[in-house]
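The primary structure of each chain is shown beneath.
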Amino acid sequence: MTDTADREFTIVREFAAGPEVVFDAWVDLDQLSQWMAPEGLTTPRERMYGDPRPGGGYGAVMVLPDGLEAAIDGVYKEVDRPSRLVFTWPDPTTPESVSLCTVTFVESAPGRTTMTFHLLAPGPISPDDGARVGWNSCFDKLHRQLETAP
């Protein structure tokens, strides 16, 4: 395991939904509660809040299968529907470590969106901390949610 000064990664996904639909899945708490936790974890809607505007805050409690909880909260830096969302993301195990997440939504074809997620985390943090795996798991859930939406 190697520590780095900064860690960053990018995940690109394509969804069978327009940019407005995919963007709204990020800021509508009813939708967000369905996918914003890796497989095996849940994010109860009643334990979430959000104010999607620059400077607005958000928060949620992720519940692990054994009942343990991990609270997260952050701040929206940019909210430009339907093309861009920038927000802070704390590491629940290391409160002084706050990442910056940038998500862009581009119509790749009619009714299809390419979502690019970029995370920049301050170091030193191990590149093997599981963040990429966790976000990919969330995006798998988002994909399933959008595929079954009316």
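Residues numbered from 1 in each chain as written. Predicted model: local features only at pLDDT ≥ 70, side-chain atom pairs only at ≥ 80, totals over all residues. Heavy atoms only, no water.

**Examining the overall build of the chain**
Okay, step 1: Per the secondary structure count, the chain includes three helices and seven strands.
Okay, step 2: Counted from the first residue to the last, the chain has its helices and strands arranged as β-α-α-β-β-β-β-β-β-α.
Okay, step 3: Counting across all 150 residues of the chain, residues that qualify as buried make up 41%.
Okay, step 4: Contacts in the chain between residues far apart in sequence, at least 24 positions, make up 50% of those at least 6 positions apart.
Okay, step 5: Within the structure as shown, the chain displays about 7700 Å² of accessible surface, and the carbon and sulfur contribution to it stands at 54%. (Helix = DSSP H or I, 4+ residues; strand = E, 2+ residues; numbered from the N terminus. Buried < 20%, exposed > 50% of the residue type's maximum accessible area, 1.4 Å probe, protein only. Contact = heavy atoms within 4.5 Å. Areas by Shrake-Rupley, 256 points an atom, 1.4 Å probe, with all protein chains shown as cover.)

**What to know about the packing of aromatic side chains**
Each aromatic ring pair is described using two quantities: the centre-to-centre distance and the angle formed by the ring planes.
Okay, step 1: Taken as a whole and judged by the stated rule, the model has 16 aromatic pairs.
Okay, step 2: Seen in terms of ring centroids, tryptophan 26 and phenylalanine 87 are 5.8 Å apart; in terms of plane orientation they differ by 45°. Their pairing is tilted. Highlighted residues: tryptophan 26 in helix 1 (residues 19-27) and phenylalanine 87 in strand 5 (residues 84-91), separated in sequence by 61 residues.
Okay, step 3: By relative accessible area, which is 4% here, phenylalanine 87 ends up buried.
Okay, step 4: Each ring, one from tryptophan 26 and one from tryptophan 135, has its centre 6.2 Å from the other, and the planes form 20°; the classification is stacked. Remark: tryptophan 135 occurs in helix 3 (residues 131-148) and tryptophan 26 occurs in helix 1; sequence separation between them is 109 residues.
Okay, step 5: On the basis of relative accessibility, which here comes to 3%, the residue tryptophan 26 falls in the buried class.
Okay, step 6: Given the relative accessible area of 5%, tryptophan 135 is considered buried.
Okay, step 7: Cluster of aromatic residues (ring-pair linked, three or more members): Phe9, Trp26, Trp35, Tyr58, Tyr76, Phe87, Trp89, Phe117, Trp135 and Phe139. (Phe/Tyr/Trp six-rings, centres within 6.5 Å; stacked < 30°, edge-to-face > 60°.)

**Notes on the pattern of salt bridges**
Okay, step 1: In total, this model carries eight salt bridges according to the counting rule given.
Okay, step 2: Taking the shortest distance from any N to any O, the salt bridge between arginine 45 and aspartate 30 comes out at 3.0 Å. With arginine 45 in the loop between helix 2 (29-35) and strand 2 (49-50) and aspartate 30 in helix 2, this pair connects stretches of sequence that are 15 residues apart.
Okay, step 3: On the basis of relative accessible area, arginine 45 is assigned to the partly exposed category, the value being 34%.
Okay, step 4: Across the pair arginine 47 and glutamate 69 runs a salt bridge, and its minimum N-O distance is 2.7 Å. Remark: glutamate 69 occurs in strand 4 (residues 69-80) and arginine 47 occurs in the loop between helix 2 and strand 2; sequence separation between them is 22 residues. (Salt bridge = Lys/Arg side-chain N within 4 Å of Asp/Glu carboxyl O.)

**With respect to unusual backbone geometry**
Okay, step 1: Cis peptide bonds are those with omega within 30 degrees of zero, and the linkage from arginine 81 to proline 82 qualifies with 5°.
Okay, step 2: Along the chain, the position of proline 82 falls in the loop between strand 4 and strand 5.

These results come straight from atomic positions and should not be treated as a statement about function.
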